[in-house]
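Reading the structure
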Amino acid sequence: MSEKVKNAARFCIVLLLSFFLGIAMIFYTREICLGMASAILNCLTVIIPSLYGFMALSGFLIRTNFYIYLSAPFSFASRYIFRIKPELFSVFLISLFAGYPVGAKLLYELLEENKITQKEAETMLCFCYAGSPTFIAGLAG
């Protein structure tokens, strides 16, 4: 088959799927509206307030350098098991509980204040880029 025929077939499939999706949206308007209202309510009452709290707490930890003292009990695990600097272990822990944007924000603030290098920030971002347990549980539920 030529490339032109493949593109035409893809276009027809997308067009048909869009048509059937539009028809389904017309017939199931009530269910869609209820689902959207529920999602918006969950976002406004659960996700945004918890995210705001973690963002404020993480900003406080970085500006007061308390993240260094928070990592002290975990220095053995951070050095020998995870092989990261002990003061970065608290960033790792906070990002595990708070979720994606908090870990990335913490790393960005540390990078902006020249407390970590670009390489360390890139490496840590690989581990601080995850959904929080509450987000995963809500998604699975």
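Residues numbered from 1 in each chain as written. Predicted model: local features only at pLDDT ≥ 70, side-chain atom pairs only at ≥ 80, totals over all residues. Heavy atoms only, no water.

1. Details of the environment of Gly103
This is how it is decided: Each helix is a run of H or I in the DSSP string that is no shorter than four residues. Each strand is a run of E no shorter than two, and both are numbered from the N terminus. Buried, partly exposed and exposed residues are distinguished by accessible area as a fraction of the type maximum, computed with a 1.4 Å probe on protein chains only: under 20%, between the cut-offs, and over 50%, respectively. Any two residues having at least one pair of non-hydrogen atoms within 4.5 Å are treated as being in contact.
Inspection of the secondary structure assignment puts Gly103 in helix H6 (residues 100-112). We classify Gly103 as buried; its relative accessible area is 0%. Other than its neighbours up to four places away in sequence, Gly103 contacts Val91, Ser95 and Cys128.

2. Concerning the nonpolar core
Note the following rule: What we call a nonpolar core is a set of buried Ala, Val, Leu, Ile, Met, Phe, Trp, Tyr and Cys residues that are connected through their side-chain atoms within 4.5 Å.
The biggest cluster of nonpolar side chains holds 18 residues, and the ones touching the most others in it are Val91, Ile94, Leu106, Leu107, Leu110, Ile116 and Met124. When residues of this core are traced back to their parent elements, those giving at least two are helix H2 (29-63), helix H5 (86-98), H6 and helix H7 (118-127). By residue number, the principal contributor to this core is H5, which donates six residues. Leu107 has contacts with Val91, Ile116, Ala121, Met124, Leu125 and Cys128, leaving out every residue within four places of it along the chain.

3. Describing the pattern of salt bridges
What counts here: Salt bridges are identified by distance alone: a Lys or Arg side-chain nitrogen within 4 Å of an Asp or Glu carboxyl oxygen.
Counted according to the given criterion, the structure contains five salt bridges. Residue Glu87 pairs with Lys85 through a salt bridge whose shortest N-O separation is 3.7 Å. Given a relative accessible area of 28%, Lys85 falls into the partly exposed group. Across the pair Glu109 and Lys105 runs a salt bridge, and its minimum N-O distance is 2.5 Å. In this pair, Glu109 and Lys105 both sit in helix H6, four residues apart, roughly one turn of the helix. When its relative accessible area of 11% is taken as the criterion, Glu109 is described as buried. Residues joined in a network through salt bridges with shared partners are Arg63, Lys105 and Glu109.

4. Some remarks on unusual backbone geometry
Not every positive phi belongs to a glycine, and Arg83 is a case in point at roughly 55 degrees. In this structure, Arg83 sits in the loop between helix H4 (75-81) and H5. Residue class for Arg83 comes out exposed when judged on its relative accessible area of 67%.

5. Here we look at the state of the cysteines
Basically, it comes down to this: Two cysteine sulfurs form a disulfide in these notes if their separation is within 2.5 Å.
With the rule as written, the count across this model stands at zero disulfides. Free of any disulfide, Cys33 has its nearest neighbouring cysteine sulfur in Cys43, separated by 18 Å.

6. Some words on the packing of H2 against H6
Describing two packed helices takes the angle between their axes plus the distance from one axis to the other. Rules: Here an angle of 0 to 180 degrees is reported between the N-to-C directions of two axes, which are lines fitted to C-alpha atoms, with helices fitted over the stretch in contact. The scheme is simple: roughly parallel for angles under 35 degrees, roughly antiparallel for over 145, roughly perpendicular for 65 to 115, oblique for anything else. Handedness of each helix crossing follows the sense of rotation of the near helix against the far helix: counterclockwise by less than a right angle gives left-handed, clockwise gives right-handed. Note on residue categories: nonpolar means Ala, Val, Leu, Ile, Met, Phe, Trp, Tyr, Cys or Pro, charged means Asp, Glu, Lys or Arg, and polar means any other residue, Gly included.
At a minimum axis distance of 10 Å, the contact between H2 and H6 shows a crossing angle of 25 degrees. One element, H2, and the other, H6, form an angle in the roughly parallel class. For H2 against H6, the interelement crossing comes out right-handed. Contacts from Leu51, Phe54, Met55, Ser58, Gly59, Ile62 and Arg63 in H2 reach Pro101, Val102, Lys105, Leu106, Glu109 and Leu110 in H6. Of the residues contributing to the contact of H2 with H6, the split by class is eight nonpolar, two polar and three charged.

Any link to function would need more than the numbers given here.
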